[in-house]
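Notes for the structure review
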Amino acid sequence: MAHVTATFSNGHTDTYKGNREVTAAWMVVEVATGRVIDSGHSLTVQAAEKTAKASVPRAVMLPTGWRDHKNTPAGHRCAKSAGYRSPREMEQDYKRQNAEKAKQYRTEVVAL
């Protein structure tokens, strides 16, 4: 496959140099500065949208293994040591913080 170059609305270009049949390109941009945080190519538009969303920087990350341990005594201790009343409250607050941070970025997907 020949090199595929995607051009985004802000003029940023990203060239794919691999061998897969990519059909979409994605980009994450910081709204305040216009700085490109990350960009790449995907096999489908749906995959590009998913990858772009996952590439938006987060404010906080839940501890490793959180899904398996949030309803255990260890999960409750972790939440309490972080200043929360319960694991649910901690998880909701982290999601809120990440949603606020995500507003500082925009994603763009281009079909090739």
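Let us now look at the environment of Gly 11. When you line up the elements, Gly 11 lands in the loop between strand 1 (4-7) and strand 2 (13-16). Considering only alpha carbons, one finds Gly 11 and Arg 85, 74 residues apart in sequence, at a separation of 48 Å.

This next bit is on the packing of aromatic side chains. The description of an aromatic ring pair uses the distance of the two centres, along with the angle that the planes make with each other. In total, this model carries one aromatic pair according to the counting rule given. Here Tyr 84 and Tyr 94 contribute two aromatic rings whose centre-to-centre distance is 6.1 Å and whose plane-to-plane angle is 75 degrees, an arrangement assigned as edge-to-face. Of this pair, Tyr 84 sits in the loop between helix 3 (73-81) and helix 4 (87-102) while Tyr 94 sits in helix 4; the two residues are 10 residues apart in sequence, bridging distant segments of the chain. The residues Tyr 84 and Tyr 94 share a single accessibility class, namely buried.

Following the criterion strictly, the structure yields seven salt bridges and no others. Among the salt bridges present, the one from Glu 89 reaches Arg 85, with a minimum N-O distance of 2.8 Å. On the accessibility criterion, Arg 85 (67% relative accessible area) is exposed. Lys 103 is the partner of Glu 100 in a salt bridge, and the nearest nitrogen-oxygen pair spans 3.2 Å. When its relative accessible area of 42% is taken as the criterion, Glu 100 is described as partly exposed. Overlapping salt bridges bring together Lys 70, Glu 91 and Lys 95 as one network.

What follows is about the pairing of strand 4 (residues 36-42). Relative to strand 4, strand 3 (residues 24-30) is paired through six bridges, and the arrangement is antiparallel. Counted as the bridge partner of Val 28 is Asp 38 from strand 4. Hairpin connection from strand 3 to strand 4: five residues lie between these consecutive antiparallel strands, with Gly 34 at a positive phi of about 80 degrees.

Taking strand neighbours across the sheet as the criterion, the three strands line up as 4-3-5 in an open arrangement whose pairing is antiparallel. The sheet is open, and its two borders are formed by strand 4 and strand 5 (105-111), each paired with just one other strand. On average, each strand axis in the sheet is inclined to that of its neighbour by 15 degrees, with strand direction left out of account. The sheet contacts of helix 1 (residues 45-54) involve strand 3, strand 4 and strand 5, and relative to strand 3 the element is tilted by about 20 degrees.

With that settled, consider the nonpolar core. Counting seven residues, the largest nonpolar core is built from Ala 24, Trp 26, Val 28, Ala 48, Ala 52, Val 56 and Tyr 105. For this core, the secondary structure elements donating two or more residues are strand 3 and helix 1. Here this core takes three residues from strand 3, the largest share from any one element. Excluding residues within four positions of it along the chain, Ala 24 makes contact with His 41, Ser 42, Thr 44, Val 45, Ala 48, Val 109, Val 110, Ala 111 and Leu 112. In terms of nonpolar packing, the next biggest core, distinct from the first, is built from six residues, Ala 6, Ala 25, Met 27 and Val 110 among them.

Definitions and limits used
- Just so you know, the residues in each chain are numbered from 1, in the order the chain's sequence is written.
- Restriction of local features to residues with pLDDT of at least 70 applies here, the model being predicted, together with a cutoff of 80 or more for giving and counting side-chain atom pairs; totals for whole chains, interfaces and linings are based on all residues.
- Where side-chain values are given, they derive from all heavy atoms of the structure, hydrogens and water being excluded.
- The secondary structure listing takes helices from DSSP runs of H or I that are at least 4 residues long and strands from runs of E that are at least 2 residues long, numbered from the N terminus.
- Pairing of aromatic rings covers Phe, Tyr and the six-membered ring of Trp, with a centre-to-centre limit of 6.5 Å; geometry is then stacked below 30 degrees between planes, edge-to-face above 60, and tilted otherwise.
- Note on classification: 1.4 Å probe, protein chains only; a residue is buried when its accessible area is under 20% of the maximum for its type, exposed when over 50%, partly exposed between these limits.
- A carboxyl oxygen of Asp or Glu within 4 Å of a side-chain nitrogen of Lys or Arg is what we treat as a salt bridge.
- For two strands to count as paired, DSSP must find a minimum of two bridges between them.
- Only C-alpha atoms enter the line fits that serve as axes; for helices the fit covers just the stretch in contact. Angles between N-to-C directions range over 0 to 180 degrees.
- By definition in these notes, contact holds between two residues if any of their heavy atoms fall within 4.5 Å.
- Remark: nonpolar core denotes a set of buried residues (Ala, Val, Leu, Ile, Met, Phe, Trp, Tyr, Cys) joined through side-chain atoms within 4.5 Å.

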